[in-house]
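Remarks on the overall topology
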Amino acid sequence: MSTDNRPDWVAPEDLPAHVSIIMDGNGRWAKARGLERTEGHRAGTETVRTIVREARALGIRHLTLYTFSSENWARPKHEVGFLFELLVSFLKRELPELMEQNIRLQILGELKDLPLPARTALQHAIKKTAANTAMTLNLALNYSGRGEIVRAVKAIVAKGISPDEIDEATISDHLYSAGQPDPDLMIRTSGEERLSNFLLYQHAYSEFHFTTTYWPDFSVEEFRSALCAYANRERRFGKTGDQIKA
Ligand code: IPE
Ligand code: IPE
Ligand code: MG
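Worth saying up front: this structure is predicted, and the values here are computed from it rather than measured.

**A look at the site of ligand 2**
The full set of residues close to ligand 2 is Ile22, Met23, Asp24, Tyr66, Thr67, Phe68, Asn72, Arg75, Arg188, Arg194 and Ser196. Within the side chain of arginine 188, an N or O atom sits 3.3 Å from an oxygen atom of ligand 2. Taking arginine 194, its side chain carries an N or O atom lying 2.7 Å from an oxygen atom of ligand 2. Burial of ligand 2 by the surrounding chains reaches 77%, relative to a free accessible area of 390 Å².

**Quick look at the UniProt feature "active site" (unreviewed entry) in the protein chain**
Mapped onto this numbering, the UniProt entry gives "active site" (unreviewed entry) at Asp24 and Asn72. Spanning 49 residues, the named residues nonetheless gather at one spot, since no C-alpha pair among them exceeds 12.2 Å. Every residue in contact with aspartate 24, bar those within four places of it in the chain, is listed here: Arg188, Thr189, Ser190, Glu192, Thr213, Tyr214 and Trp215. Polar contacts involving the side chain of aspartate 24 include one to the side chain of serine 190, which spans 3.2 Å. Judged by relative accessible area, which is 19%, asparagine 72 ranks as buried.

**As for the sheet that holds strand β4 (residues 135-143)**
As summarised here, the arrangement of the 6 strands in space is β3-β4-β2-β1-β5-β6, forming an open sheet in which the pairing is parallel. Sheet topology places β3 (103-108) and β6 (207-210) at the edges, where each strand pairs with a single neighbour. In this sheet, adjacent strand axes meet at a mean angle of 20° when their direction is disregarded. Note that strand β2 (residues 62-69) and β4 share 7 bridges and pair parallel. Of the residues in β4, the one forming a bridge with threonine 64 is asparagine 138.

**Some points on the pairing of strand β1 (residues 18-22)**
Successive side chains on a regular strand alternate, one facing one side of the sheet and the next facing the other. In terms of burial, β1 is a largely internal element, 5 of the 5 residues being buried. Side chains His18, Ser20 and Ile22 of β1 all project onto a buried face; the interleaved residues Val19 and Ile21 project onto the opposite face, where all are buried too. As defined by bridge partners, β1 adjoins β2 across 5 bridges and the pair is classed as parallel. From the neighbouring strand, isoleucine 22 faces β2, where its bridge partner is tyrosine 66. Direction of pairing for β1 relative to strand β5 (residues 185-188): parallel, over a ladder of 4 bridges. The partner of isoleucine 21 across the bridge, within β5, is isoleucine 187.

**Remarks on the site of ligand 1**
Taken together, Met23, Asp24, Gly25, Asn26, Gly27, Arg28, Arg37, His41, Thr67, Asn72, Arg75 and Leu83 make up the full set of residues near ligand 1. At 2.9 Å from an oxygen atom of ligand 1 is found a side-chain nitrogen or oxygen belonging to aspartate 24. Within the backbone of asparagine 26, one N or O atom sits 3.2 Å away from an oxygen atom of ligand 1. The protein chains hide 85% of the 380 Å² of surface that ligand 1 would expose on its own. Counting residues per element, the shell around ligand 1 draws most heavily on helix α1 (residues 26-32), at 3 residues. Residue classes in the shell around ligand 1 are distributed as 2 nonpolar, 6 polar and 4 charged.

**Some details on the confidence of the model for the protein chain**
Per-residue pLDDT for the protein chain averages 96, and the proportion of residues at 70 or more is 97%. Model confidence for the protein chain, summarised as mean pLDDT per element, is weakest for helix α8 (residues 241-245) at 93 and strongest for β1 at 99.

**A few points about the nonpolar core**
Residues Ile21, Leu63, Leu65, Leu137, Leu141 and Phe223 are the most contacted members of the largest nonpolar core, which totals 44 residues. It is helix α3 (residues 77-100) that provides the largest number of residues to this core, a total of 8 residues. Excluding residues that lie within four positions of it along the chain, leucine 141 makes contacts with Thr67, Phe68, Phe84, Leu87, Ile107, Leu108, Gly109, Glu110, Leu114 and Leu122. Listed in part, the 9 residues of the second largest apolar core include Tyr66, Leu108, Phe198 and Leu199.

Cut-offs used in this document
Residues numbered from 1 in each chain as written. Chains lettered and ligands numbered in written order. Predicted model: local features only at pLDDT ≥ 70, side-chain atom pairs only at ≥ 80, totals over all residues. Heavy atoms only, no water. Near = heavy atom within 4 Å. Polar contact = N/O pair within 3.5 Å; in protein donor to acceptor, adjacent residues only side chain to side chain. Areas by Shrake-Rupley, 256 points an atom, 1.4 Å probe, with all protein chains shown as cover. UniProt positions renumbered as here; feature names shortened; annotations may be inferred. Contact = heavy atoms within 4.5 Å. Buried < 20%, exposed > 50% of the residue type's maximum accessible area, 1.4 Å probe, protein only. Pairing = 2+ DSSP bridges. Helix = DSSP H or I, 4+ residues; strand = E, 2+ residues; numbered from the N terminus. Axes fitted to C-alpha atoms, helices over the stretch in contact; angles between N-to-C directions. Nonpolar A, V, L, I, M, F, W, Y, C, P; charged D, E, K, R; others polar. pLDDT = per-residue confidence, 0-100. Core = buried A, V, L, I, M, F, W, Y, C linked by side-chain atoms within 4.5 Å.

Put into structure tokens, the structure is as follows:
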């Protein structure tokens, strides 16, 4: 792993192919400013814009953003409603940029249970960006890691695949993320240090980076410094340190 003497520079070959982010802390960001939680979500979408742009500029091939968990339905109705309205206006505003930047949009999660305007806007954006090749932006929406595994098992059983034929790849191929590499680096903002049911199968060997920064304050500089820290980690995948160096 090599970084030169610029503190925020990572050699392209040391960049993660796939970064996943738990964008947390919007509510606390707003509360600290005496604002409604919804204002935190609004500010958070500006960070999404900035980080997507930066990831694309750096050459990261897959970026997955935890946008709405299946558990988030338990939040107050007006907050949930606001989040989906925000999503619709975000898609409308960002679609031209996604096209210009050659970014493909994908959803990880159960689309069919989303409010109709959100579903329509998502389907439109997914279709429109389907042939884009520079980066895949996955939004984990109405997503549950355990639910995703249950869904995969059901699909495998429904196809009549026999137990002897099932291996780890069979499971991966039936997840929402089928065909994409596992995240190399998982970032969570806001100081919480847990997975919250996010990509349980895919994060088996990911490196984790936790920061106390609330998502609306997460900057390009901090993103780069997380990538730098990642580039200097030693991933062992069960081997000894000496084996990795050899
Ligand atoms: C993350 O911020 C955004 C979503 C879960 C949609 P939160 O809304 O969880 O913010 P905190 O954790 O309450 O500060
Ligand atoms: C995880 O954040 C979900 C998203 C960021 C969309 P939460 O704020 O919902 O997670 P918990 O409840 O603190 O674990
Ligand atoms: Mg939270």
